[in-house]
Amino acid sequence: EAGVAQSPRYKIIEKRQSVAFWCNPISGHATLYWYQQILGQGPKLLIQFQNNGVVDDSQLPKDRFSAERLKGVDSTLKIQPAKLEDSAVYLCASSLNVLGDTQYFGPGTRLTVL
Amino acid sequence: GESVGLHLPTLSVQEGDNSIINCAYSNSASDYFIWYKQESGKGPQFIIDIRSNMDKRQGQRVTVLLNKTVKHLSLQIAATQPGDSAVYFCAEIYNDMRFGAGTRLTVKP
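Residues numbered from 1 in each chain as written. Chains lettered and ligands numbered in written order. Predicted model: local features only at pLDDT ≥ 70, side-chain atom pairs only at ≥ 80, totals over all residues. Heavy atoms only, no water.

**Student:** In this structure, what is going on with the overall build of chain A? I would like to understand it.
**Tutor:** What chain A contains, in helices and strands, is 0 helices and 11 strands. Along chain A, helices and strands appear, N-terminal first, in the series β-β-β-β-β-β-β-β-β-β-β. Each principal axis of the C-alpha distribution contributes one length, and for chain A these read about 35 × 25 × 25 Å. Across the 114 residues of chain A, 46% fall into the buried class. For chain A, contacts bridging at least 24 residues in sequence account for 54% of all contacts bridging at least 6. Accessible surface, chain A as shown: approximately 5600 Å² in total, 51% of it carbon and sulfur. Here chain A holds 12 positive side-chain charges and 10 negative ones, and the gap between their average locations is 7 Å. (Helix = DSSP H or I, 4+ residues; strand = E, 2+ residues; numbered from the N terminus. Buried < 20%, exposed > 50% of the residue type's maximum accessible area, 1.4 Å probe, protein only. Contact = heavy atoms within 4.5 Å. Areas by Shrake-Rupley, 256 points an atom, 1.4 Å probe, with all protein chains shown as cover. Lys, Arg positive; Asp, Glu negative; His and termini not counted. Charge placed at Lys NZ, Arg CZ, Asp CG, Glu CD.)

**Student:** Help me understand the state of the cysteines, please; the structure alone is not making it clear to me.
**Tutor:** Cysteine pairs can be linked by a disulfide, which is a covalent bond between their two sulfur atoms. What the rule picks out here adds up to 2 disulfides over all chains. Each sulfur of the disulfide joining Cys23(A) and Cys92(A) lies 1.9 Å from the other. Taking the torsion about the S-S bond as the criterion, the Cys23(A) to Cys92(A) disulfide, at about -70°, is left-handed. Taken together, the positions of Cys23(A) in strand E3 (residues 19-24) and Cys92(A) in strand E9 (residues 88-95) put the pair 69 residues apart, joining distant regions of the chain. Note on cysteine connectivity: Cys23(B) is disulfide-linked to Cys90(B), with sulfurs 1.8 Å apart. Across the disulfide from Cys23(B) to Cys90(B), rotation about the S-S bond amounts to roughly 50°, and the bridge is consequently right-handed. Here Cys90(B) lies in strand E9 (residues 86-93) and Cys23(B) lies in strand E3 (residues 19-25), a separation of 67 residues in the sequence. With relative accessibility at 1%, the residue Cys23(B) sits in the buried group. (Disulfide = S-S within 2.5 Å.)

**Student:** Is there a simple way to explain the interface of chain B and chain A in this structure?
**Tutor:** For interface size, the figure often reported is the accessible area lost on association. Taken together, the contacts link 19 residues of chain B with 18 residues of chain A. For the pair chain B and chain A, the summed buried area comes to about 1300 Å², and 55% of that belongs to carbon and sulfur atoms. The largest share of the area that chain B buries against chain A comes from Pro44(B), Met97(B) and Phe99(B), three residues that together contribute 30% of it. The tally of links between chain B and chain A comes to 0 salt bridges. Inspection of the region where chain B meets chain A yields 3 residue pairs in polar contact (both at pLDDT 80 or more). Listed by contribution, the elements that provide at least two residues to the side of chain B that touches chain A are strand E4 (32-38), strand E5 (45-51), E9 and strand E10 (97-99) of chain B. A class-by-class count of the residues in the side of chain B that touches chain A yields 10 nonpolar, 5 polar and 4 charged. (Buried area = accessible area lost by both parts, 1.4 Å probe. Salt bridge = Lys/Arg side-chain N within 4 Å of Asp/Glu carboxyl O. Polar contact = N/O pair within 3.5 Å; in protein donor to acceptor, adjacent residues only side chain to side chain. Nonpolar A, V, L, I, M, F, W, Y, C, P; charged D, E, K, R; others polar.)

**Student:** Got a minute to help me understand the packing of aromatic side chains in this structure?
**Tutor:** Between two aromatic rings, the relevant description is the distance of the centres plus the angle of the planes. With the rule as written, the count across this model stands at 11 aromatic pairs over all chains. Judged by centre distance (5.7 Å) and plane angle (90°), the ring pair of Tyr35(A) and Phe99(B) falls under edge-to-face. Of this pair, Tyr35(A) sits in strand E4 (residues 31-37) while Phe99(B) sits in strand E10, placing the two residues on different chains. Phe99(B) gets classed as buried once you look at its relative accessible area, which sits at 11%. Between Tyr36(B) and Phe46(B), the aromatic rings sit 6.4 Å apart at their centres with planes inclined by 85°, giving edge-to-face as the arrangement. Placement of the pair is Tyr36(B) in strand E4 and Phe46(B) in strand E5, with a sequence separation of 10 residues. Under the relative-accessibility criterion, Tyr36(B) is labelled buried at 0%. Following the ring pairs from residue to residue traces out a cluster consisting of Tyr33(A), Tyr35(A), Phe105(A), Tyr36(B), Phe46(B), Phe89(B) and Phe99(B). Above the ring of Tyr32(B), the side-chain terminus of Arg51(B) is found at 4.0 Å from the ring centroid. (Phe/Tyr/Trp six-rings, centres within 6.5 Å; stacked < 30°, edge-to-face > 60°. Lys NZ or Arg CZ within 6 Å of the ring centre and 35° of its normal.)

The structure is reproduced here in C-alpha cells:
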C-alpha cells in the first residue's frame, strides 16, 4: 500500500514570497490533516479535512495560510506571504475516517524562509 | 491551556537494555493516546495506541501503560536496538490530537 506522498521535500524561499505544498493521501482515506512541526517541537495541527470539507482550521493563521482539498483527494497548503517564523516541516497525514483512526504521516516538506 | 508534556527530553540507553519513555497529560477527558516514532527526515510513525478504558497494551517489543489516576503514559521498549534511536512523541486525543514535545532516544552500541 502506498503511503502519504508529499512534494516538494525541501523548499527555500525569501520572506514575503509565496510557497505551496502538495499532499496525496493514502487511497480511500477520507480525512486529511496538515501539521506544522517547528524544530525541536511536536507537530501542531493546522487544518483537518473530511473529504473536501474543513472540519477544524482553528489553528490555521488565515491571514497568510490557506489550504484546499477540492476533489476530496489531493490537498495543497499555501503560505502567502511567508515570514521567517514559518520555517518548519509541514507534515501531511491521512486517516480512514474520523479522529480516533490511526493517522499515517507523509515525509514532510522542510521549508526554510530566509 | 491543557497540554501534553514529557518528563525527559533525552534518553540514552545501552543496546539490549529496556527503555522507558514517559509522558504526562493534563486533559482528564482525553480518551485515546498514541505513541509515535519519528526518525530524522521522516514523518511520525505510529507505534502503539491505547484507549482510556485500558491500562496496558502490548505490541511487538513495545508496551504502553496508562495511569489515569496521575495522568501518566509510558512507552516501554524491550531489548532496545540501534534502529530504535529516534524521537518519540506521545499524543492525546479528545477533540483533536495534540502532541508533546518529544523525547530523543539514543541507543549506544
